[in-house]
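# Notes for the structure review
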Amino acid sequence: MATDRRSFLKLSAMAGLGLVAANGCNVTSKEHEDAKLGSILKEAEKEYEPIFNMSGYGAPALERVRIGFIGVGNRGAAAVERMSRIDGVDILGICDVRPDKAEEAKKRIVGGSHEAKIYANNDQSWKELCDRPDVDLVYVATHWALHADIAVYAMEHGKHVALEIPAATSVEDCWRLVMSSEKTKKHCVILENCCYDFFELLTLNLARQGFFGDIVHCEGAYIHDILASFFEKDARFDLWRLKENAERNGNLYPTHGLGPICQILKVNRGNKMEYMTSMASKDFSLGKKAKEIAATDDSFKTFVDKPFRGNMNISSIATSSGSTIMLQHDVSTPRPYSRIHMVSGTKAFAQKYPLPGKIAVGHEDFLDEAGMRKLEEQYTPNIVKQIGELAKRIGGHGGMDFMMDWRLIDCLRNGLPVDMDVYDAASWSVIGPLSEWSVANGSQPIAIPDFTMGRWKENKVHEINLESGGTTKVINND
């Protein structure tokens, strides 16, 4: 980052420290907020020394990938089933604080012969699983606050890690993931399934072939009405997601929209995100819902008058290439689901949501069905051609979940670099805490840490055409 830009950001941050956002968002205690948000800024300004570049690194090939799952209440249980369909996988352990959830996940295994030992004695049982010398990969789908601690412990005990999103919820933890991965030479993969959606992969290949020309602007989002589920005691362990939304005000779930865009813009591999600003609406529904439910259920009274996050968060990001990014986050108003995958270039434009995805090569109109079919035939990457239809049959958000898992296993079995490395995990996830700081400080800009520590200039983009690998078979019992 240029010196003048860094100075501007620091001056802006100093001016913004301690401000209560002018948009009416709730801030309970100025002293508490100053301490919390000042820590975010302090951590974002720290500099680290590189140890080993994990971008482009292929760890020693594993003939079989022996997996332990931690957290199988929701997405983790589905991952157990998907992984059991992949050849060369051994599921050695399943861990959850609720024994019944671990047992239910074990019953979802559909292929192969798996030990799948249950670890559910207490809230520290995950360490016992990570301590096993015969586990190669730890797959983490717990609540967000545990992600970084489990990942660091697992890497320090010789395991690769696959982390559900976001990979971490603080700047400090993002750096812990990076430095632990570099120190141990163990992969820390963010499980961003949207990077394997079919339209997103098509636009990624189009971008790499120069179809869009120079990319001017991209947009992404996570707009998903899950308000009611926040208050369902059986939906998530200990109401953890409700607590996140009651204590933090920012874009808490940025990676679904951001991940595919970062790959298109070559972030961490020839480009980097420089700085961001963030703005939030007031909360118009979460607080009201808490009061409504607390009127008949005393256990929710602790959530009454909490400083719930604003319903809509809008964050803007500037990149080193000059391209810009806009992200939206709204999980508490009755809007149709959308991830707004949008790419705007000097030669072409693409947008998905509303469905289906569309592409235009001029301002007059989008391509017709025949035009889209022609583009898909020419530019669909080989990873989709090889595994896409089978992934659709197996399922998981239309197949993208299975393609993500299959690709990870194939990379590990062939000793290939992973598609989404620890720098992606950190830089995509760090938008959460940085957005909190910006929202609370009148949308002041804040610098985005360079987790590659300067190596983004030489790092190469990941492979999507299976020029190597692609050898892992699928156990399809349907």
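Our subject is the structure listed above.
This write-up is about the structure you can find in this document. (Residues numbered from 1 in each chain as written. Predicted model: local features only at pLDDT ≥ 70, side-chain atom pairs only at ≥ 80, totals over all residues. Heavy atoms only, no water.)

This paragraph deals with the overall build of the protein chain. Check the secondary structure of the protein chain and you find 17 helices and 14 strands. The C-alpha radius of gyration of the protein chain comes to 22 Å, within 12% of the 23 Å expected for a compact globule of 478 residues. Based on the C-alpha atoms only, the size of the protein chain along its principal axes is roughly 55 × 55 × 45 Å. For the protein chain, the residues scored as buried account for 58% of the 478 residues in total. (Helix = DSSP H or I, 4+ residues; strand = E, 2+ residues; numbered from the N terminus. Rg over C-alpha atoms; globule rule 2.2 N^0.38 Å. Buried < 20%, exposed > 50% of the residue type's maximum accessible area, 1.4 Å probe, protein only.)

The sheet built from 6 strands is open, its strands ordered β3-β2-β1-β4-β5-β6 with parallel pairing. Two strands in the sheet have a free side with no partner beyond their single neighbour: β3 (117-119) and β6 (188-190). Neighbour-to-neighbour, the strand axes of this sheet turn through a mean angle of 25°, independent of strand direction. Pairing between strand β1 (residues 65-70) and strand β2 (residues 89-95): 6 bridges, direction parallel. Residue pairing for β2: Val65 is matched across the bridge by Val89. Those strands touched by helix α3 (residues 75-83) are β1, β2 and β4 (137-140), and its axis lies near 165° from that of β1. (Pairing = 2+ DSSP bridges. Axes fitted to C-alpha atoms, helices over the stretch in contact; angles between N-to-C directions. Contact = heavy atoms within 4.5 Å.)

Another aspect to go through is the pattern of salt bridges. Applying the stated criterion across every chain yields a total of 30 salt bridges. A salt bridge links Asp173 to Arg176; the shortest N-O distance between them is 2.7 Å. Residue Asp173 and its partner Arg176 are both found in helix α7 (residues 171-184); the two are separated by 3 residues, about one turn of the helix. Using a relative accessible area of 15% as the deciding quantity, one classes Asp173 as buried. (Salt bridge = Lys/Arg side-chain N within 4 Å of Asp/Glu carboxyl O.)

This brings us to the state of the cysteines. Scanning the entire structure with this criterion turns up 0 disulfides. With no disulfide partner, Cys262 has as its closest neighbouring cysteine sulfur the one in Cys195, 8.5 Å distant. Residue classification places Cys262 among the buried positions, given a relative accessible area of 1%. Its sulfur unpaired, Cys411 is 13 Å from the next cysteine sulfur, which belongs to Cys195. The class for Cys411 is buried, based on a relative accessible area of 1%. (Disulfide = S-S within 2.5 Å.)

Moving on to the packing of aromatic side chains. Inspection of the entire model under this criterion finds 15 aromatic pairs. Here the aromatic rings of Tyr48 and Trp175 are separated by 4.1 Å at their centres, their planes lie at 20°, and the arrangement is stacked. In this pair, Tyr48 is assigned in the loop between α2 (30-45) and β1 and Trp175 in helix α7, connecting sequence segments 127 residues apart. Judged by its relative accessible area of 25%, Tyr48 is partly exposed. Between Trp144 and Tyr253 the ring centres are 5.8 Å apart and the planes differ by 20°, which places this aromatic pair in the stacked class. Here Trp144, found in the loop between β4 and α6 (147-156), pairs with Tyr253, found in the loop between α10 (240-247) and α11 (255-264); they are 109 residues apart in sequence, far enough to count as distant. (Phe/Tyr/Trp six-rings, centres within 6.5 Å; stacked < 30°, edge-to-face > 60°.)

Residue position: Arg309 is located in the loop between α12 (286-294) and β9 (313-319). Of the buried charged residues, Arg309 lacks a salt bridge, with Asp330 as the closest side chain of opposite charge at 5.6 Å. With residues up to four places along the chain from it excluded, the contact list for Arg309 reads Asn245, Arg248, Asn249, Gly250, Leu252, Asp283, Leu286, His329 and Val331. (Lys, Arg positive; Asp, Glu negative; His and termini not counted.)

Another aspect to go through is the layout of surface pockets. A volume near 780 Å³ is recorded for the largest pocket. Elements supplying a minimum of two residues to the lining of the largest pocket: α5 (125-131) and α10. Looking at the lining of the largest pocket residue by residue, the classes come out as 18 nonpolar, 12 polar and 8 charged. (1 Å grid on protein atoms, 1.4 Å probe; cavity = no way out; pocket = protein on both sides within 12 Å on 5 of 7 lines; lining within 4 Å. Points joined across faces, edges and corners; volume = space filled by probe spheres on them. Nonpolar A, V, L, I, M, F, W, Y, C, P; charged D, E, K, R; others polar.)

Moving on: unusual backbone geometry. Trans peptide bonds make up most of the peptide bonds, and negative phi angles are found at most residues other than glycine. The step from Tyr353 to Pro354 runs through a cis peptide bond, and the omega angle for that step is 0°. Structurally, the position occupied by Pro354 is in the loop between β12 (349-352) and β13 (358-360). With omega at -10°, the peptide bond leading from Leu355 into Pro356 counts as cis. Within the secondary structure, Pro356 sits in the loop between β12 and β13. Despite not being glycine, Asn268 shows a phi value in the positive range, around 75°. Mapped onto the elements of the fold, Asn268 is located in the loop between α11 and β8 (273-280).

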